[in-house]
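# Summary of structural features
Below are the chains, spelled out letter by letter.
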Amino acid sequence: MSDRAFFTTNGTLSLADIAEAAGIPLPEGADPAAIVTGAAPLESAGPDDLAYMDNAKYGDALAQTRARVCLVSKRFSARVPAGTVALVVRDPYRVYAALLGRLHPDALRPGSLFGSAGVSLGAHVHPEARLEDGVRVDPGAVIGPGAEIGSGSVIGPGAAVGPNVCIGRDSSVGAGATLTNALVGNRVIIHHGVRIGQDGFGFAMGAAGHLKVPQIGRVIIQDDVEIGANTTIDRGASRDTVIGEGTKIDNLVQIAHNVVIGRHCVIVSGVGISGSTTLEDYVVLGGQVGVVGHVRIGMGSQIAGSSNVNRDVPPGSRWGGTPAKPVRTWFRELTTLARLAERAGDKGAEPEA
């Protein structure tokens, strides 16, 4: 549930507001002036709450909900109780997310943890840094010489923005994050503890020792990217590491030097991407996927969780396994192995007494 101590409500929504946002008319008899003040799960929603349902698993909770309004797909609409207004939409979760953002805008990105406007007295901003009006900088943050930060951006406590780093407008840098050798776009969300722009792992190996290779590239992060807590993105060795527009990266992801990630990719927690790999647009990597270096994953491909990609993946593919392969082949392998194991077990069974 939403705790008002952490997430304040930005006003209210009328049923007319909700229907307009959903792009549908209100059902006959619904009061367009009725007010929703919050959002809650089906089972705990009250008469002032908005809820949604798009999964058959929650059919019983839907039938018993006390929510004032429920966003629901057509196939579940008949189960909405009489006291709840059913708004039938194609994608209930997406509409709910948009409305939830209007009710709780402070939950959309990290804000100031200190709660002050402008640059806090406890921050350290170099005289040669350039901050537009409306930038908020929390205590303990360090902003280096030549850094540029656009209006509406927030730099959290203990964050470090290195020399000549550029951050666009309406972006957020969470507590304890570090950014060096990076150019960051507009509306970028960088969560707590993220590391951007540190050395890539590059050494010239040899019997006499491993010679460090200077990493002289940058990290380029385009508009509307989100980067989860404690993720690390290494700067390029000689080329840039690039994160494309609209890409969403979960917590605890490692992205190595020279990696190029396309637009609107989704990278789930625990993924490791080795150097000089390219992900084309709209690629999805499930949790704990590992990708070896110098491979290309084609546009729109999806890789199942815990898989290991060791060769190029054609566009539009669905692969899984270790090493990763087309899912149909992978499933056949798993089924065959299971049958072989079952047969071997039957042959080795002890005879009954």
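Look above for the structure.
Bear in mind the structure is a predicted one, so any value in this text is a computation, not a measurement.

In this section: the overall build of the protein chain. A count of helices and strands for the protein chain gives four helices and 38 strands. Taken along its principal axes, the extent of the C-alpha atoms in the protein chain is 80 × 80 × 40 Å. Per-residue burial over the protein chain gives 42% buried out of 353 residues. Of the contacts made within the protein chain by residues no fewer than 6 positions apart, 21% connect residues no fewer than 24 positions apart. Total accessible area on the protein chain stands at roughly 18,300 Å², and carbon and sulfur atoms take up 54% of it. The averaged location of the 34 negative side-chain charges in the protein chain is 6 Å from the averaged location of its 31 positive side-chain charges.

It is worth spelling out the packing of helix α1 (residues 15-22) against helix α3 (residues 92-103) at this point. As a packed pair, α1 and α3 sit with axes 10 Å apart at the nearest point and diverge in direction by 130°. Relative to α3, the element α1 is oriented oblique. Remark: the crossing between α1 and α3 carries right-handed chirality. Residue-level contacts link Asp17, Ile18, Ala21 and Ala22 of α1 to Val95, Leu99 and Arg102 of α3. Looking at the contact of α1 with α3, its residues break down into five nonpolar, no polar and two charged.

The buried count for strand β4 (residues 49-53) comes to four of five residues, which makes it a mostly enclosed element. Direction of pairing for strand β3 (residues 38-39) relative to β4: parallel, over a ladder of two bridges. Looking across to β4, one finds that Gly38 is bridged to Asp49. Once you follow β4 into helix α2 (residues 59-64) and on to strand β5 (residues 69-72), the crossover reads as right-handed.

The next thing to look at is the pattern of salt bridges. Under the criterion given, the structure shown has twelve salt bridges. Shared partners join several salt bridges into a network, and the residues in it are Arg187, Asp223 and Asp224.

Now for the side chain of Thr277. Of note, Thr277 is situated in the loop between β30 (272-273) and β31 (278-279). By relative accessible area, Thr277 is classed as buried at 0%. A distance of 3.3 Å separates a polar side-chain atom of Thr277 from the backbone oxygen of Ser274. Discounting residues that sit within four places of it in the chain, Thr277 has contacts with Asn258, Val259, Val260, Val291, Val292, Gly293, His294 and Val295.

What follows deals with the sheet that holds strand β33 (residues 290-291). Spatial strand order, β7-β10-β13-β16-β19-β24-β27-β30-β33-β36: ten strands in an open sheet with parallel pairing. The strands lining the two open edges of the sheet, one partner per strand, are β7 (124-125) and β36 (308-309). Across two bridges, β33 lies against β36 in parallel orientation. The partner of Gly290 across the bridge, within β36, is Asn308.

With that settled, consider the nonpolar core. One finds Ile155, Ile190, Ile196, Ile273 and Leu285 to be the most contacted residues of the largest nonpolar core, which totals 50 residues. Setting aside anything within four residues of it in sequence, one finds Ile273 in contact with Gln254, Ile255, Ala256, Val259, Ile261, Ile267, Leu279, Leu285 and Val291. Membership of the second largest hydrophobic core comes to 18 residues, among which are Leu13, Ala30, Ala39 and Leu87.

A separate point is the packing of aromatic side chains. Tallying each qualifying case throughout the model produces four aromatic pairs. On the basis of an interplanar angle of 70° and a centroid distance of 5.1 Å, the ring pair of Phe201 and Phe203 is categorised as edge-to-face. Looking at Phe201, the relative accessible area reads 68%, which means it is exposed. Following the ring pairs from residue to residue traces out a cluster consisting of Tyr52, Tyr93 and Tyr96.

Attention now moves to the pairing of strand β6 (residues 85-88). Of the two faces of β6, only the one carrying Val85 and Leu87 is buried; Ala86 and Val88 on the other face are not. As paired elements, β5 and β6 share four bridges and run parallel to each other. Note that in β6 the partner of Val72 across the bridge is Val88.

There is about 680 Å³ of room inside the largest pocket. Along the wall of the largest pocket there are 22 residues; nearest its centre are Tyr52, Tyr93, Tyr96, Ala97 and Leu100. Every element with two or more residues in the lining of the largest pocket is listed here: β4 and α3. Top contributing element to the lining of the largest pocket by residue count: α3, with six residues. Per-class residue counts for the lining of the largest pocket are 15 nonpolar, four polar and three charged. Estimated volume of the second largest pocket: approximately 240 Å³. Taken together, Leu108, Arg109, Asp170, Arg187, Ile189, Asp224, Val225, Glu226 and Lys248 form the lining of the second largest pocket. Its residues placed into classes, the lining of the second largest pocket shows three nonpolar, no polar and six charged.

Reading the values: the criteria
Residues numbered from 1 in each chain as written. Predicted model: local features only at pLDDT ≥ 70, side-chain atom pairs only at ≥ 80, totals over all residues. Heavy atoms only, no water. Helix = DSSP H or I, 4+ residues; strand = E, 2+ residues; numbered from the N terminus. Buried < 20%, exposed > 50% of the residue type's maximum accessible area, 1.4 Å probe, protein only. Contact = heavy atoms within 4.5 Å. Areas by Shrake-Rupley, 256 points an atom, 1.4 Å probe, with all protein chains shown as cover. Lys, Arg positive; Asp, Glu negative; His and termini not counted. Charge placed at Lys NZ, Arg CZ, Asp CG, Glu CD. Axes fitted to C-alpha atoms, helices over the stretch in contact; angles between N-to-C directions. Parallel < 35°, antiparallel > 145°, perpendicular 65-115°, else oblique. Left-handed = near helix turned anticlockwise from the far one by under 90°. Nonpolar A, V, L, I, M, F, W, Y, C, P; charged D, E, K, R; others polar. Pairing = 2+ DSSP bridges. Right-handed = clockwise from strand over helix to strand, strands pointing away. Salt bridge = Lys/Arg side-chain N within 4 Å of Asp/Glu carboxyl O. Polar contact = N/O pair within 3.5 Å; in protein donor to acceptor, adjacent residues only side chain to side chain. Core = buried A, V, L, I, M, F, W, Y, C linked by side-chain atoms within 4.5 Å. Phe/Tyr/Trp six-rings, centres within 6.5 Å; stacked < 30°, edge-to-face > 60°. 1 Å grid on protein atoms, 1.4 Å probe; cavity = no way out; pocket = protein on both sides within 12 Å on 5 of 7 lines; lining within 4 Å. Points joined across faces, edges and corners; volume = space filled by probe spheres on them.

Scope: geometric values only; no functional claims are made or implied.
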